[in-house]
Amino acid sequence: MKLGDLFSEEYLEKLGFSNKNSMGRKMVADVIENDNVEIDLKVISKRLQESKDGKKFLLLTLADKTGELRAVDWYNAGENDSKIKINSIVRIKGRASVYSDKLQIAIDKDRDAIMILKEGEYDPNLFLSITKKDVSIMYGEFQNMLSNVSNKEVRELLNFPFQDEKFVESFLIAPAAIIVHHAYKGGLLEHTLGVMKLCVEMAKLYPDVNMDILVAGAAFHDLGKIKEYEIKPYGIERTTDGELIGHIVLGVEMVREWSRKIPGLSSNSLQHIEHLILSHHGEIELGSPTIPKTTEAIILHSADDLDSKMGQIMALKEKKSENDWSDYDRYLGRKIKLNWENEE
């Protein structure tokens with residue numbers, strides 16, 4: 001079977017790997033100044049405020065997968081504030097203008113200028129981004145790397161969860177985050193494969209690296225995110241398990257449960273794989289219960305950090321800003337140089 005033939009187009013479309021805007025709605029990226037718009041957006045934040053002359057207005061931050069914009073309701077502020085919730089999907093009518101160098105929609109005065117939409121009344125593809133890479137090829141590469149693990153018991157452990165079709169589907173669609181990096185459907189597969197490839201290449205530079213353990217740790221390091229996040233029609237949310245336990249501990253629990261099905265797996269191998277999962281964030285302050293204390297753990301942390309940062313940078317570049325520099329990014333802790341073409 002060719003790597004690109006693992007899944008049919010129909011199967012991938014069933015899982016939601018489609019960029020079709022089935023209802024033909026306008027998106028944030030389509031809005032221009034002086035546009036009269038009718039657009040479906042998700043409520044990111046809302047704030048009821050009062051102007052200097054005592055008039056109340058509702059300030060909304062709204063988004064779809066192509067970007068964010070602000071909207072202001074001067075006419076039905078109190079009423080709309082009471083009925084709109086964070087993550088509500090609303091259809092708004094208004095006129096777009098530029099305020100403080102950013103697009104803003106002045107909502108019409110009609111009472112139906114803001115309508116709350118129910119599931120089925122809007123297109124989920126407006127709000128959930130998907131990986132731009134071929135899922136079949138990525139999963140084929142992932143499986144190929146698992147099959148190259150030489151230790152029989154470690155290979156059996158790696159293959160065990162992927163014999164379950166439902167688990168495979170969960171892995172394929174899972175995001176790697178809500179907002180930071182690879183925060184889209186298919187993001188976990190893309191990030192995991194990227195980390196695995198980096199680990200293999202880095203390990204070639206150093207002697208005595210246990211490649212089987214390193215590949216296993218890389219493959220499993222973020223699998224807890226399958227339980228940490230859930231995909232809703234309006235986007236990605238953290239589950240109760242995600243909030244209370246977190247993907248690192250969830251991942252270790254999953255691997256330990258699978259290991260009980262592999263009687264020949266040594267306790268040393270299992271402990272080392274668990275250490276890689278537990279330490280992959282690199283610092284206790286960054287959420288790891290322990291810091292990397294083996295060669296393999298240090299390589300995995302470095303690969304995870306690099307792939308996540310590159311994912312964030314690629315997302316900044318995809319915004320196609322005409323500026324040479326991005327805005328300050330609080331997750332990267334810096335601005336990023338985006339364009340060199342304008343340099344003389």
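Everything discussed here concerns the structure shown above.
Residues numbered from 1 in each chain as written. Predicted model: local features only at pLDDT ≥ 70, side-chain atom pairs only at ≥ 80, totals over all residues. Heavy atoms only, no water.

J.: Describe the overall build of the protein chain, listing the residues and the values that go with them.
T.: Helices and strands together make up the secondary structure of the protein chain, namely 12 helices and eight strands. Counting across all 344 residues of the protein chain, residues that qualify as buried make up 48%. Partitioning the contacts of the protein chain with sequence separation of at least 6, the portion at a separation of at least 24 is 59%. When the accessible surface of the protein chain is summed, it comes to about 18,500 Å², and 48% of that surface belongs to carbon and sulfur atoms. Side-chain charges in the protein chain split into 46 positive and 57 negative, and the spacing between the mean points of these groups amounts to 4 Å. (Helix = DSSP H or I, 4+ residues; strand = E, 2+ residues; numbered from the N terminus. Buried < 20%, exposed > 50% of the residue type's maximum accessible area, 1.4 Å probe, protein only. Contact = heavy atoms within 4.5 Å. Areas by Shrake-Rupley, 256 points an atom, 1.4 Å probe, with all protein chains shown as cover. Lys, Arg positive; Asp, Glu negative; His and termini not counted. Charge placed at Lys NZ, Arg CZ, Asp CG, Glu CD.)

J.: How would you explain helix α11 (residues 267-279) if you had to name every residue and give the values?
T.: Relative to the 18 Å expected for 13 residues at 1.5 Å per residue, α11 spans 18 Å between its end C-alpha atoms, a close match to the ideal helical length. Taken together, the buried positions of α11 are occupied by S269, L270, H272, I273, E274, H275, L276, I277 and S279. Buried residues along α11 sit in contact with α4 (152-159), α7 (211-220), α10 (247-259) and α12 (295-318). (Expected span 1.5 Å × (residues − 1).)

J.: I'd like a rundown of unusual backbone geometry, residues and numbers included.
T.: Note: most residues except glycine have negative phi, and most peptide bonds are trans. Backbone geometry at H182 places phi at a positive 50 degrees, although glycine is not the residue there. Inspection of the secondary structure puts H182 in the loop between α5 (165-173) and α6 (187-203). Positive phi outside glycine occurs at D208, with the angle close to 65 degrees. Structurally, D208 can be placed in the loop between α6 and α7. Relative accessible area serves as the criterion here: at 76%, D208 is assigned to the exposed category.

J.: Hey, could you go over the nonpolar core for me, with residue numbers and the actual values?
T.: In this structure, F142 and L172 are the most contacted members of the largest nonpolar core, which totals 54 residues. Here the element with the most residues in this core is α6; it accounts for eight residues. L172 has contacts with F7, Y11, L15, F17, V135, Y139, G186 and L189, leaving out every residue within four places of it along the chain. (Core = buried A, V, L, I, M, F, W, Y, C linked by side-chain atoms within 4.5 Å.)

J.: Give a description of the packing of aromatic side chains that names residues and reports values.
T.: For the structure shown, the criterion picks out 13 aromatic pairs. Measuring from centroid to centroid gives 5.3 Å for F162 and F171, while their planes differ by 65 degrees, and the two rings are edge-to-face. Across the pair, exposure class does not vary: F162 and F171 are buried alike. An aromatic cluster of at least three residues, connected via ring pairs, comprises F7, Y11, Y139, F142, F162, F167, F171, F220 and W258. (Phe/Tyr/Trp six-rings, centres within 6.5 Å; stacked < 30°, edge-to-face > 60°.)

J.: If you had to explain the packing of helix α3 (residues 135-147) against α4 to someone new, which residues and values would you point to?
T.: Following both chains from N to C, one finds α3 and α4 inclined at 155 degrees, their axes separated by 9 Å at the closest point. In this view, α3 runs roughly antiparallel relative to α4, as classed from their interaxial angle. Residues Q143, L146 and S147 of α3 form the contact with α4, whose participating residues are R155, L158 and N159. (Axes fitted to C-alpha atoms, helices over the stretch in contact; angles between N-to-C directions. Parallel < 35°, antiparallel > 145°, perpendicular 65-115°, else oblique.)

J.: So what's going on with the layout of surface pockets? Which residues, and what values?
T.: If you add up the space inside the second largest pocket, you get close to 590 Å³. Taken together, 25 residues line the second largest pocket, and the ones lying closest to its centre are V180, H181, H281, L286 and S308. Only α8 (225-228) and α12 provide two or more residues apiece to the lining of the second largest pocket. At six residues, α12 tops the list of elements feeding residues into the lining of the second largest pocket. In the lining of the second largest pocket, the residues fall into nine nonpolar, eight polar and eight charged. (1 Å grid on protein atoms, 1.4 Å probe; cavity = no way out; pocket = protein on both sides within 12 Å on 5 of 7 lines; lining within 4 Å. Points joined across faces, edges and corners; volume = space filled by probe spheres on them. Nonpolar A, V, L, I, M, F, W, Y, C, P; charged D, E, K, R; others polar.)

J.: Describe the environment of N268, naming the residues involved and giving the relevant values.
T.: Position of N268 among the secondary structure elements: in helix α11. For the pair N268 and M254, spaced 14 residues apart in sequence, the C-alpha to C-alpha distance is 17 Å.

J.: An account of the packing of α4 against α7 is requested, with residue identities and associated values reported.
T.: Viewed as axis vectors pointing N to C, α4 and α7 meet at an angle of 10 degrees, and their least axial separation amounts to 10 Å. In terms of axis orientation, α4 runs roughly parallel to α7. Here V154, L157 and L158 of α4 lie close against α7, whose contacting residues are D212, I213, A216, A219 and F220. Taken together, the residues of the contact of α4 with α7 break down into seven nonpolar, no polar and one charged.

J.: A description of the pairing of strand β7 (residues 229-232) should follow, citing residues and the corresponding values.
T.: Two strands pair when backbone bridges link them, and β7 and strand β8 (residues 235-238) are joined in this way by four bridges, in the antiparallel orientation. Residue pairing across strands places K232 opposite G235, the latter belonging to β8. Between β7 and β8, which follow one another and run antiparallel, lie two residues. (Pairing = 2+ DSSP bridges.)

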